[in-house]
Every structure is written in C-alpha cells, then in structure tokens.
Amino acid sequence: EDVTRTTTAADAVAPEVALIDGPLVDGVFTADPSGHVWDGVLYVYASHDEDTGASDSDEGGHYDMRDYRVIELRDLAGPAIEHAQVLHVDDVPWAARQMWAPDAARRGDTYYLFFPARDHEGVFRIGVATSSSPTGPFVAECQPIAGIGSIDPAVLVDDDESAYLYVGGLQGGQLQRWDGDTYTGVDTYPADDAPALGPRVARLTDDLLALAEPTREVLVTDETGTPLTQGDPRRFFEGPWVSRVDGVYHLLYSTGSTHTLVHATSDSPYGPFTYRGTVLEPVAGWTTHGSIAQVGDRWYLLYHDAQVSGRDHLRNVRIAPLTVHADGRLTAEVR
Ligand code: FUB
C-alpha cells in the first residue's frame, strides 16, 4: 500500500482563507481528527475507518479500526498528504482491536501518539507510541499507560509545558465501567437527575509516558455552577478535547445520543468547566468528534461526518473555520 496519498488542491474558497472543501483526503475513510500545528504545518491525527465485517452493536463493534493515519497540510487550501503505516494494531503487544480516536503531542524532538484500543480481555486501555517524525511511524510502549482507561485520549501541553491527558467515552467507550482508576467491568450509570459522568484528566510525567498523579473527574456545570445531570442532553458523552484560546481553557466534547459537538470553559485545565453552547450542529452519521487548532491568527475546527458513505462507521475528516466570539463562545462555519 502507498505510504502517502495526495488530494487535489481546494476548489472552494472561504471568505478569508482558502480551505479544502469536502473530505481532506479521498479514497480512504478517516475519522476522529486531532489537529496540531508544529513548525507551521497542520498535522491531523486520525482513525482509519474500514468495513472489516465486524458486526454492529450498542458497543460500537463495527468501529473496527486497525491502524492510524496522519494527514499533513502545509497549506490549508491543499494538497493534503495522507501518511499511512503510522501505527498498526498488530504492532502493539497489549492491543487486540478497535484502534479508536487518537491524539498526539510533541516534547523536544520526540512525537507521541496516544491511542485507545481494547486489550486481549476486551477492556479499553490507553497506549502511547513515539517517533522522531510527526508523521511516524510510531513505536508503541509494550504496556498501556497504568492508572487510566476508557477511550478518546487528548493531550493538552500547557504554556508552562505541563501536559494533561484527558480520556473518556460512555457506552462502548466503557467510562461507566471505571470506578476512579479501577476497572469494574460493570456498567454503572448515574441516575438521570444525578451529576453526569465526566471525562477524566491527569497530568503526565515529563517524558509523557506515564501519569504523574491519579486521574480526577472533570466536572461540567451550567452557568450557575450546577453540575449537568446525566439526563441533560448537553452532558458529556465522548471525545474530550482541551485547547487554550485567549488564555481560557476550552473543553470540546460530543453529547452522544444528541449528536452535538459542544464546548465548556474554565480557568483551570482540571475544570470545573462551564457549558457554553454548540460548536457544531449534528452531522451525517451517529458520531461527532472534533478538535480545534490555530493556524496563523485563525482557529479551525477539524471534524468528521459520514456524508460520503451514508454509513455511521465509514467517515471522512473535514476542516471548517471556527469563530471565536467576543464572549468566548466558539462556533464552526460549516458550509
Ligand atoms: O471512532 C470510534 C469512536 O467514535 C471514537 O472513539 C468516538 O469519539 C467516536 O467518534
């Protein structure tokens, strides 16, 4: 298989900046984009969706991804370069299947790929792999990161170089089976009128390979400081992502069954975060998942949808301009 694939340049122009219109890459399904700008280049770390024949289930068994892709954008108008052979499940000793949403980080000359996968007992764990190149290939650590599980890792490297690892996803993502840092194997959801289950966060060690502290739950509240309840359509479901915008920490996440990408703000990477509203209205397909990245002086949303395939588990990564409103709200301009 080719290691790289290239799309044609953009055929649509946003009001101020030319952007690729439509999927960033053709001929391959990609999802769960995590965007990072390093040395002026936008790198998008993505799941690689495939139809392996795995059966559909409430636990997302048909999201049966086996490897990751990196999409490199030196110009937002294109072309986009897709790098394959970044990390494959067969090269991760502890992982059995379902390489779900990844993220990446850089420290010094080393690039880190954080990823979830089910282990050989069917438990979602978080792994880390390293490379000397932002486009891999990455070499995985032999064991998953101890003291943390579930899915959808996202790493914030703060201005003081402290790095925080966020994780979490309900239902197929198994967050409801964790009691703190212990996997119980039992689905335990709060009552609809009780505080919702939040994602978890912990600071990473300086080498980014382990937790420096136990995880803690990230609380999301309404504007009065009252925790969102499990029955609230705005509550957390999966896909946590934290970025600092104008000095404020923004937590993006998917609300799951209400299919909306929303955000909440805080003055601390640990929260509590105050719910602020919708970033992206529901897209085609059951899942929604996004990240934001600043290129030059403008912010962009990376997201996916299932518009091309019409099938929930075969998605395409896209980019849209993001407006940072004067009151701190974020909204994407999807055309
Ligand atoms: O891609 C598999 C799962 O779907 C991700 O981990 C979730 O965030 C959702 O996008």
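It should be emphasised that the depicted structure is a prediction, and the values quoted were computed from it without experimental measurement.

Peer 1: Would you take a moment to explain the overall build of the protein for this structure?
Peer 2: For the protein, the count of helices and strands is zero helices and 27 strands. With the C-alpha coordinates aligned to their principal axes, the bounding extent of the protein is approximately 50 × 50 × 40 Å. For the protein, the proportion of its 335 residues judged to be buried stands at 44%. Summarising the internal contacts of the protein: among those between residues at least 6 apart in sequence, 52% fall at separations of at least 24.

Peer 1: Mind showing me how you'd approach the pairing of strand S26 (residues 316-324) here?
Peer 2: Two strands pair when backbone bridges link them, and strand S25 (residues 298-305) and S26 are joined in this way by seven bridges, in the antiparallel orientation. Note on S26: the bridge partner recorded for Asp305 is Asn316. Linking S26 back to strand S27 (residues 330-332) in an antiparallel pair, the connection comprises five residues, with Gly328 at a positive phi of about 90°.

Peer 1: Teacher, can you tell me more about the nonpolar core here?
Peer 2: Nonpolar side chains in soluble globular proteins tend to end up buried together. Judged by nonpolar contacts, the single largest core of 88 residues is most densely connected at Val44, Ile71, Leu113, Phe114, Leu165 and Leu301. Ranked by residue count, the leading element in this core is strand S10 (residues 110-119), at six residues. With sequence-adjacent residues up to four places away left out, Ile71 is seen in contact with Leu24, Val25, Thr30, Val44, Ala46, Ala80, Glu82 and Val317.

Peer 1: Looking at this structure, how should I read the sheet that holds strand S23 (residues 273-280)?
Peer 2: Pairing between the strands of a sheet is mediated by backbone hydrogen bonds and can be parallel or antiparallel. Spatially, five strands are ordered S19-S23-S22-S21-S20 in an open sheet, and the strand pairing comes out mixed. The open sheet is flanked by strand S19 (220-221) and strand S20 (238-245), the only strands paired with a single partner. Pairing of strand S22 (residues 261-266) with S23, which is carried by five bridges, proceeds in the antiparallel orientation. Within S23, the residue paired with His263 across the bridge is Gly277.

Peer 1: It is not clear to me how the site of the ligand should be interpreted in this structure. Could you clarify?
Peer 2: Around the ligand, the surrounding shell holds 13 residues, and the nearest of these are Trp100, Ala101, Gly239, Thr287 and His289. Listing elements by their share of the shell around the ligand, those giving two or more residues are strand S4 (29-38) and S20. Looking at the shell around the ligand residue by residue, the class counts come to five nonpolar, five polar and three charged.

Peer 1: Teacher, can you tell me more about unusual backbone geometry here?
Peer 2: A negative phi angle characterises most non-glycine residues, just as the trans form characterises most peptide bonds. A cis amide bond links Gly78 with the next residue in sequence, Pro79, at an omega value of 0°. Here the amide bond leading from Gly271 into Pro272 is cis, since omega sits at 0°, within 30 degrees of zero. Relative to the helices and strands, Pro272 resides in the loop between S22 and S23. One non-glycine residue, Ser150, lies in positive phi territory at about 75°. Following the sequence through the fold, Ser150 ends up in the loop between strand S12 (139-140) and strand S13 (154-157). Judged by local crowding, Ser150 falls into the buried class, with 27 C-beta atoms found within 10 Å.

Peer 1: Explain the sheet that holds strand S18 (residues 216-217) to me, please; I cannot follow it from the model alone.
Peer 2: In spatial order, the strands read S13-S14-S17-S18; together these four strands make up an open sheet with antiparallel pairing. One side of each edge strand has no neighbouring strand; the edge strands of this open sheet are S13 and S18. Across two bridges, the pairing between strand S17 (residues 200-203) and S18 is antiparallel. Along S18, the bridge assignment pairs Arg200 with Glu217.

Peer 1: Even after reading the chapter, I still don't get the pairing of strand S24 (residues 290-295), so can you show me in this structure?
Peer 2: Residues in a regular strand project their side chains so that they alternate between the two faces of the sheet. Where S24 and S25 come together, six bridges link them in antiparallel fashion. Note that in S25 the partner of Ile292 across the bridge is Leu301. The turn joining S24 and S25, which pair antiparallel and follow one another in sequence, is formed by two residues; a positive phi near 65° is taken by Gly296.

Peer 1: Looking at this model, I keep getting lost on the confidence of the model for the protein. Mind explaining?
Peer 2: The predicted structure's coordinates, where accompanied by low pLDDT, should not be read in detail. The predicted model of the protein has a mean per-residue pLDDT of 95, with 95% of residues at 70 or higher. Looking at the elements of the protein, mean pLDDT is at its lowest for strand S2 (residues 12-13), recorded as 34, and at its highest for strand S14 (residues 163-167), recorded as 99. Scored by ipTM, the complex comes to 0.98, with pTM at 0.95.

Peer 1: Please explain the environment of Asp58 as it appears in this structure.
Peer 2: Its location among the elements puts Asp58 in the loop between strand S5 (41-49) and strand S6 (68-73). The class of Asp58 is exposed, set by 7 C-beta atoms lying within 10 Å. In this structure the C-alpha to C-alpha distance between Asp58 and Gln171, which are 113 residues apart in sequence, comes to 7.5 Å.

Peer 1: I keep staring at the environment of Arg298 and nothing clicks. Help me out?
Peer 2: Looking at the element boundaries, Arg298 is found in strand S25. In this structure the C-alpha to C-alpha distance between Arg298 and Pro321, which are 23 residues apart in sequence, comes to 7.9 Å. Excluding anything up to four places from it in sequence, Arg298 contacts Val17 and Pro321.

Rules of the game
Residues numbered from 1 in each chain as written. Predicted model: local features only at pLDDT ≥ 70, side-chain atom pairs only at ≥ 80, totals over all residues. Helix = DSSP H or I, 4+ residues; strand = E, 2+ residues; numbered from the N terminus. Buried ≥ 20, exposed ≤ 12 C-beta atoms within 10 Å, placed from the backbone. Contact = placed C-beta atoms within 7 Å. Pairing = 2+ DSSP bridges. Core = buried A, V, L, I, M, F, W, Y, C linked by C-beta atoms within 7 Å. Near = placed C-beta within 6 Å. Nonpolar A, V, L, I, M, F, W, Y, C, P; charged D, E, K, R; others polar. pLDDT = per-residue confidence, 0-100.

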